[in-house]
Structures are given as C-alpha cells and as structure tokens.
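The chain contents come next:
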Amino acid sequence: MSEGYNSRGTVDVNHWVNHNFRSIGAEEQQLYNHLLQTVQSETPQELIDRMRLLFIEGTNYPDHNVLKNLDRLLLSDIEIEEFQFILNRCIHILTNRWQGRPQTQLAIPDLIHLFESSPSRPVNEFSRAKAIKRLREFMRYFLETEHFLTLRRLAHVLESNNDPAQTRLPLGKLIRRYPYLYSHCLVSESSSVEDQQSIRDLQDTMQRQYELDLSQFVTYQIRRSHLFNRTGSETVGRTLYPVKNPTLLTEPEVCSALRQFAGKVQGNCTHRDLAQRFITHTNEVRSFKSFKDDLYEYLLFTVDPEYGRRQFNNQLYDCLNKVLPENNAQPFNEFLLLRTCSQLLNFLIVESPQRPKHFVFVDLLSNIGPIFTTSLLLKIVLICRKVKPYLEKRFSILFNHYETHAQESVQWLVASLEHLNIALSTNFGKMNVALVNQLV
C-alpha cells in the first residue's frame, strides 16, 4: 500500500494531518477516497475526463454524491488557498499512481495541461450557479500558485517531445535533462511524504538513464578514436553504430569536461584525489582561521591567475574572512566546514530566491569558462559532500529565475547546467570513469 493510505485503501487522515499541520473534513476525505478508488479501476483517459467534468466544467459529473461533496466544500467558509491545497492533493493521488508505471506515466502531462483549459459550457444549473462560479474562480487562481508551477515542471520532465534544438522554447522545457534539480523544482512546501518519494524515484530513474547514456557515449568515442587511428575515417562510419551525444554540449566540449571532472588534473591526481588530500590535511589544522587560509589556496589552483589578480582573489578572501570570524581561534570542526562551504556557494552562485543576484557566477563563466567554474564548485562539494544538496539548490534558484526565458537568451546557464550534470554524474554517480583518460 502506498504511503499515506491505510490498509483499507483509503486516505490515512493522520498521515496528511501530521504532515501538513491541518485537519481534514469529511467532504475532503470523501473526495480523496473517491479518487483513490477510481484510479485503481479506470484508465488514465477516463480519469482525465472525470477531472475535467469535476473541476473544469463543474457539471455533469457521473457521481452525484461527489459533486454534492464538492459543492459543500465550495460553499463553506473555505479559503481560496485552502482549496488550492485540496486540488493539488487530488491531482497527486492520480500522478503518484501513474508515475510508477511506464504505460501510464505519459498521461501525467495530459492531466496537468487539462487545468490550463477553460470550461466549454456556460452555467445552466441555477441551483448550483454559486458553487460553479466559485469553483471557476478558484481554478483560475490555481494556475498562478506554486502548486501548479511545480506540476507544470513535472509535465516538462515527463513530456517526450521537448526538442532541445528549438532554442526559442523556454528554459523550463529543459528540466527533464537535469535530475539534480528535481527535488528542488518539483517539490513544494506542501508536498506530502508520498509526493516527495515519487519525485525521488523519478530522479533516480532519470539519473541512471543519463549515466548509462553518458557511459555509452564515452565508450563509443574511445572505440571510434582507436578505429580511426588504425583504419581511417571512411571505415569508422561503416563499422561503428553512432551513439548520440546525451548532452547539449558539442562532442569536444563533452570530452574536455569528462577529462576535467573525472580525469587527471594535477599530475596523477583527479579532483577526488586532491579533495581527499585536502581532507586529510584538515585533520591536522589547529584553528578555523588556518583552515580558511588553506581552503583559499586549495580553491585558487583552479582559477586563472590573471583573472584572479584583478579582483576575484580579494573577493574570495573577503568571503572566507566573513564566515564566523568570531570562531577563528576555535578548533576546526564539521559544523564550521559545512557553514564555510555553504557560504562559499552563496558567494559563487546565488544566495537565495529573495536575493537572486549572481554577478560573481556570470563573471566567472565569462572569464574562466564553464569547465573551470564548475571545477571550482566541484572542489567545494568534494571536501564537504553534505553540501551537495545546497549546491543543487543554488542552481535550482537560477533555473526557476530564468525558466520563462528563451533558451537561446540564457546559453550561459544551459552550459553551466550541462557541465554540472557531467561533474555530479562522474563524481557522485555510479559511472565507471576508468576509461575517461583514454578520451582523445
């Protein structure tokens, strides 16, 4: 039985109450139970038709008792925000069940887009006119809520017709490509435990597929290079079946990124090796101030010296000095590491949705490029893995900030998202990166 439901297959009221700190009335519970029962027995198309009649039209619903329950809710003293929560939960009862099954998963975008449609008929039932009018007012408001914005992003993830070559489409259409954004962009504060688990499962599935596609692309590149060296270009096309580049970067850019993030970057050391050396060194650091001084040097190795001398080095040093200066003489510990790394990510990427300034990030991309900018961020996360969700959250803030912009107008962000995808997959995923150093 799915989490959030009891052994009888009905909504577990205590689950929703405890999660959302709100009580659930009889009409609301009966609405949930009705949808839970129908989702087990009817096809997605039948359920989409039901949702259209119940919430878009507000009339001609086949189960009159359900319609009466809805009317009682609408004509009660319910606030418009409260109804948005109920509607969101109704939608998720369906999507959570469909999401785990490939044959029904594609119905989710159709369901979500349904709520962007308008009623097709006027209100002819005088006795229900007030309830239907209020329903349609509430539905218009729903389209402007965080609930629906999150659902629309989920639709973009599951739609298979998002052509990345159409660069005039909004950036939001690309969210499918970046599983590391899902837990931040597809989950809202009101998401239930089951909703969150459903998104985590989707994230795991998409991440595994991306890593598989990237691994196959690496293998193909290596085999193609070896075959070309032995036989020449004409034979390569006839011998090897091409493997599609799973990124929006060019093939040379992908190979360079893979070598930088997973290959040897300093002597025989990878970024992971260098991070482990630094972690080992911090065990001998006596004070928090000493740690910050060492961290400054560790990070600067990635930054072009000429660029750093202009102003970045001073900015970075000031940022580190401002992190808990009252603790400078204290022994270094894990809390101080976490706080320092999170503050660095604020400085290097973006602070918050309320303060979405990202001048430093754009300046880094313009001057040292997306590979070395991503390497700088990777070095931070590799010495403090607990800050990885915080890094992903910074990128979700930028993604949400620009999601309505045309992709072609924010190519700098697309490049950053693509490079981070490679960096996280090669260092935190399950890819076999042993072959990366064979890339030419």
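Residues numbered from 1 in each chain as written. Predicted model: local features only at pLDDT ≥ 70, side-chain atom pairs only at ≥ 80, totals over all residues. Heavy atoms only, no water.

1. Some thoughts on the overall build of the protein chain
Step number 1: The helix and strand tally for the protein chain stands at 20 helices and 0 strands.
Step number 2: For the C-alpha atoms alone, the extent of the protein chain along its principal axes is close to 80 × 65 × 40 Å.
Step number 3: Within the protein chain, buried positions represent 52% of all 440 residues.
Step number 4: Counting only contacts in the protein chain whose residues sit at least 6 apart along the sequence, the fraction spanning at least 24 positions is 73%.
Step number 5: When the accessible area of the protein chain is evaluated, it comes to approximately 21,500 Å², of which 49% is carbon and sulfur surface.
Step number 6: For the protein chain, the centre of its 49 positive side-chain charges and the centre of its 48 negative side-chain charges are spaced 3 Å apart. (Helix = DSSP H or I, 4+ residues; strand = E, 2+ residues; numbered from the N terminus. Buried < 20%, exposed > 50% of the residue type's maximum accessible area, 1.4 Å probe, protein only. Contact = heavy atoms within 4.5 Å. Areas by Shrake-Rupley, 256 points an atom, 1.4 Å probe, with all protein chains shown as cover. Lys, Arg positive; Asp, Glu negative; His and termini not counted. Charge placed at Lys NZ, Arg CZ, Asp CG, Glu CD.)

2. Overview of the packing of helix α16 (residues 305-321) against helix α18 (residues 359-383)
Step number 1: Close contact between α16 and α18 brings their axes to 12 Å; oriented N to C, the two are set at 125°. When the axes of α16 and α18 are compared, the pair comes out oblique. Crossing of α16 against α18: the hand is left-handed. On α18, the residues touching Tyr-307, Arg-310, Gln-311 and Phe-312 of α16 are Val-360, Asp-363, Leu-364, Asn-367, Ile-368 and Leu-376.
Step number 2: For the contact of α16 with α18, the per-class residue count stands at 6 nonpolar, 2 polar and 2 charged. (Axes fitted to C-alpha atoms, helices over the stretch in contact; angles between N-to-C directions. Parallel < 35°, antiparallel > 145°, perpendicular 65-115°, else oblique. Left-handed = near helix turned anticlockwise from the far one by under 90°. Nonpolar A, V, L, I, M, F, W, Y, C, P; charged D, E, K, R; others polar.)

3. Some details on the pattern of salt bridges
Step number 1: In the structure shown here, the tally under the stated rule is 16 salt bridges.
Step number 2: Here Arg-128 makes a salt bridge to Asp-71, at a shortest N to O gap of 2.7 Å. Here Asp-71 lies in helix α4 (residues 64-74) and Arg-128 lies in the loop between α7 (107-114) and α8 (129-142), a separation of 57 residues in the sequence.
Step number 3: Its relative accessible area of 9% is what places Arg-128 among the buried residues.
Step number 4: Between Arg-355 and Glu-351 there is a salt bridge whose closest N-O contact spans 3.3 Å. (Salt bridge = Lys/Arg side-chain N within 4 Å of Asp/Glu carboxyl O.)

4. Description of helix α19 (residues 388-402)
Residues spaced three or four apart along an α-helix point in a common direction, a consequence of the helix completing one turn every 3.6 residues.
Step number 1: Taking 1.5 Å per residue as the helical rise, α19 with its 15 residues ought to reach 21 Å, and the 22 Å between its terminal C-alpha atoms agrees with that figure.
Step number 2: The complete set of buried residues in α19 reads Leu-391, Glu-392, Arg-394, Phe-395, Ser-396, Ile-397, Leu-398, Phe-399 and Tyr-402.
Step number 3: Tucked into the core, α19 has its buried residues touching α10 (182-185), α17 (334-348), α18 and α20 (411-428). (Expected span 1.5 Å × (residues − 1).)

5. Focus on the nonpolar core
Step number 1: Ranked by internal contacts, the top residues of the largest apolar core, which has 132 residues, are Met-51, Phe-55, Phe-115, Phe-312, Leu-348, Ile-349 and Phe-395.
Step number 2: The dominant element in this core, judged by the number of residues it contributes, is α18, at 13 residues. (Core = buried A, V, L, I, M, F, W, Y, C linked by side-chain atoms within 4.5 Å.)

6. Comments concerning the confidence of the model for the protein chain
Step number 1: For the protein chain, mean pLDDT is 90; residues scoring 70 or higher make up 91% of the total.
Step number 2: Low pLDDT, under 50, characterises residues 1-21; the stretch is placed with 46 contacts to residues that sit more than four places away or in other chains. (pLDDT = per-residue confidence, 0-100.)

7. With respect to the packing of α17 against α19
Step number 1: Put simply, α17 and α19 touch, their axes get as near as 10 Å, and they point 20° apart. One way to sum up the angle between α17 and α19 is to call them roughly parallel. Every pair of crossing elements has a handedness; the one defined by α17 and α19 is right-handed. Residues Ser-342, Leu-345 and Asn-346 of α17 form the contact with α19, whose participating residues are Tyr-390, Leu-391 and Arg-394.

8. Things to note about the environment of Gln-197
Step number 1: By the secondary structure assignment, Gln-197 is in helix α11 (residues 193-231).
Step number 2: Residue class for Gln-197 comes out partly exposed when judged on its relative accessible area of 33%.
Step number 3: Along the sequence, Gln-197 and Ser-183 sit 14 residues apart, while their C-alpha atoms lie 9.5 Å from each other.
Step number 4: Only 2.8 Å separates the side chain of Gln-197 from the side chain of Asp-201, close enough to count as a polar contact. (Polar contact = N/O pair within 3.5 Å; in protein donor to acceptor, adjacent residues only side chain to side chain.)

9. Focus: the side chain of Ser-342
Step number 1: With respect to the helices and strands, the residue Ser-342 is situated in helix α17.
Step number 2: Its relative accessible area of 12% is what places Ser-342 among the buried residues.
Step number 3: Among the polar contacts listed, one links the side chain of Ser-342 to the backbone oxygen of Arg-339, at a separation of 2.9 Å.
Step number 4: Setting aside residues up to four positions removed in sequence, Ser-342 forms contacts with Val-387 and Tyr-390.

10. Some details on the environment of Gly-100
Step number 1: Checked against the element boundaries, Gly-100 lands in the loop between α5 (80-99) and α6 (102-105).
Step number 2: For Gly-100, a relative accessible area of 65% puts it in the exposed group.
Step number 3: For the pair Gly-100 and Phe-312, spaced 212 residues apart in the sequence, the C-alpha separation amounts to 47 Å.

11. Re the side chain of His-419
Step number 1: Summarising the element assignment, His-419 is placed in helix α20.
Step number 2: Taking the relative accessible area as the measure of exposure, His-419 reaches 3% and is therefore buried.
Step number 3: Separated by 2.8 Å, the side chain of His-419 and the backbone oxygen of Ala-415 make a polar contact.

12. As for the packing of aromatic side chains
Step number 1: The tally for this structure, following the rule as stated, stands at 14 aromatic pairs.
Step number 2: On the basis of an interplanar angle of 45° and a centroid distance of 5.2 Å, the ring pair of Phe-83 and Phe-138 is categorised as tilted. Linking Phe-83 in helix α5 with Phe-138 in helix α8, this pair joins segments that are 55 residues apart in sequence. Considered together, Phe-83 and Phe-138 belong to a single accessibility category, that of buried residues.
Step number 3: Between Phe-115 and Phe-142 the ring centres are 6.2 Å apart and the planes differ by 70°, which places this aromatic pair in the edge-to-face class. Within this pair, whereas Phe-115 is found in the loop between α7 and α8, its partner Phe-142 is found in helix α8, the two being separated by 27 residues in sequence. Take Phe-115 and Phe-142: they sit in the same class, and that class is buried. (Phe/Tyr/Trp six-rings, centres within 6.5 Å; stacked < 30°, edge-to-face > 60°.)

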